[in-house]
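# Report on the structure
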Amino acid sequence: MTEQAPYQTVLQNLLFQQRVAALGTVDEHGDPQVSMVPFALDRETGHLVIHVSTLSTHTANLRKQASAGLMVMQPEQADTGVHALPRVSLQVEASFVDRDTALYGQTKEIYTNRFPDMASMTDFADFSLVRLVPRSVRLISGFGAARTIELSQWMGAVAPD
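Read on for a plain summary of the structure. (Residues numbered from 1 in each chain as written. Predicted model: local features only at pLDDT ≥ 70, side-chain atom pairs only at ≥ 80, totals over all residues. Heavy atoms only, no water.)

### Some remarks on the overall build of the protein
Counting its secondary structure elements, the protein contains four helices and eight strands. Going from N to C terminus, the protein has its helices and strands arranged as α-β-β-β-β-α-β-β-α-β-β-α. In terms of overall size, the protein behaves like a compact globule, its C-alpha atoms giving a radius of gyration of 16 Å where 161 residues would be expected to give roughly 15 Å. Each of the three principal axes of the protein carries a C-alpha extent, and together these read 45 × 40 × 30 Å. Put simply, the protein has 161 residues, and 41% of those count as buried. When contacts within the protein are restricted to residue pairs at least 6 apart in sequence, long-range pairs at least 24 apart make up 66% of them. A total of about 8,800 Å² of accessible surface is found on the protein, and carbon and sulfur atoms cover 53% of it. Looking at the protein, you have 12 positive and 17 negative side-chain charges, and the mean spots of the two groups are 2 Å apart. (Helix = DSSP H or I, 4+ residues; strand = E, 2+ residues; numbered from the N terminus. Rg over C-alpha atoms; globule rule 2.2 N^0.38 Å. Buried < 20%, exposed > 50% of the residue type's maximum accessible area, 1.4 Å probe, protein only. Contact = heavy atoms within 4.5 Å. Areas by Shrake-Rupley, 256 points an atom, 1.4 Å probe, with all protein chains shown as cover. Lys, Arg positive; Asp, Glu negative; His and termini not counted. Charge placed at Lys NZ, Arg CZ, Asp CG, Glu CD.)

Right, here's the structure in full:
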């Protein structure tokens with residue numbers, strides 16, 4: 001087994017241990033909006049998967065403008081300064097998954113494997129599964145430890161073993 005680069009370990013810890021992200025979208029007036037979204041990861045493609053309601057502001061925003069930002073962050077800990085908290089910020093392109101495709105079944109399986117309690121809600125007509133396709137990735141692994149992660153590095157870190 002090869003030794004992983006430290007950034008890969010930090011990235012994997014964030015993506016595999018955290019289940020909630022902050023999603024930044026832009027509304028119809030051009031104002032930024034930030035929402036909390038549970039997420040799953042398609043390790044084969046590197047896409048993140050969210051499940052959204054038509055009642056949510058971020059859903060309407062993503063339908064109008066597919067470009068968005070997503071941040072996954074380690075929760076605050078008593079022994080760690082908040083400025084050193086590991087976090088990853090991604091620029092993503094949102095893609096709503098058509099229910100009448102094989103991709104919908106695959107996406108639903110990925111999401112419900114992480115959130116089994118949501119399985120029945122994925123069948124509700126007023127909810128959608130959305131794939132967030134990374135365009136750029138910025139990882140902060142600690143205070144003063146920031147780096148851009150190339151998409152090939154992203155795939156190397158998230159791909160199944």
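### Regarding the packing of helix α1 (residues 6-17) against helix α4 (residues 151-158)
Direction vectors running N to C along α1 and α4 enclose 65 degrees, while the axes themselves pass 9 Å from each other. Every pair of crossing elements has a handedness; the one defined by α1 and α4 is right-handed. Where α1 abuts α4, its residues Tyr7, Gln8, Leu11, Gln12, Leu15 and Phe16 lie against Gln153, Trp154, Gly156, Ala157 and Val158. (Axes fitted to C-alpha atoms, helices over the stretch in contact; angles between N-to-C directions. Left-handed = near helix turned anticlockwise from the far one by under 90°.)

### Points about the environment of phenylalanine 96
Structurally, the position occupied by phenylalanine 96 is in strand β6 (residues 87-96). Accessibility expressed as a relative area gives 23% for phenylalanine 96, which makes it partly exposed. With 26 residues separating them along the chain, phenylalanine 96 and threonine 122 place their C-alpha atoms 13 Å apart. In contact with phenylalanine 96, not counting residues within four places along its chain, are Val52, Thr59, Leu62, Arg63, Ser128, Leu129 and Val130.

Interpretation note: all reported values are geometric properties and have no functional meaning in isolation.
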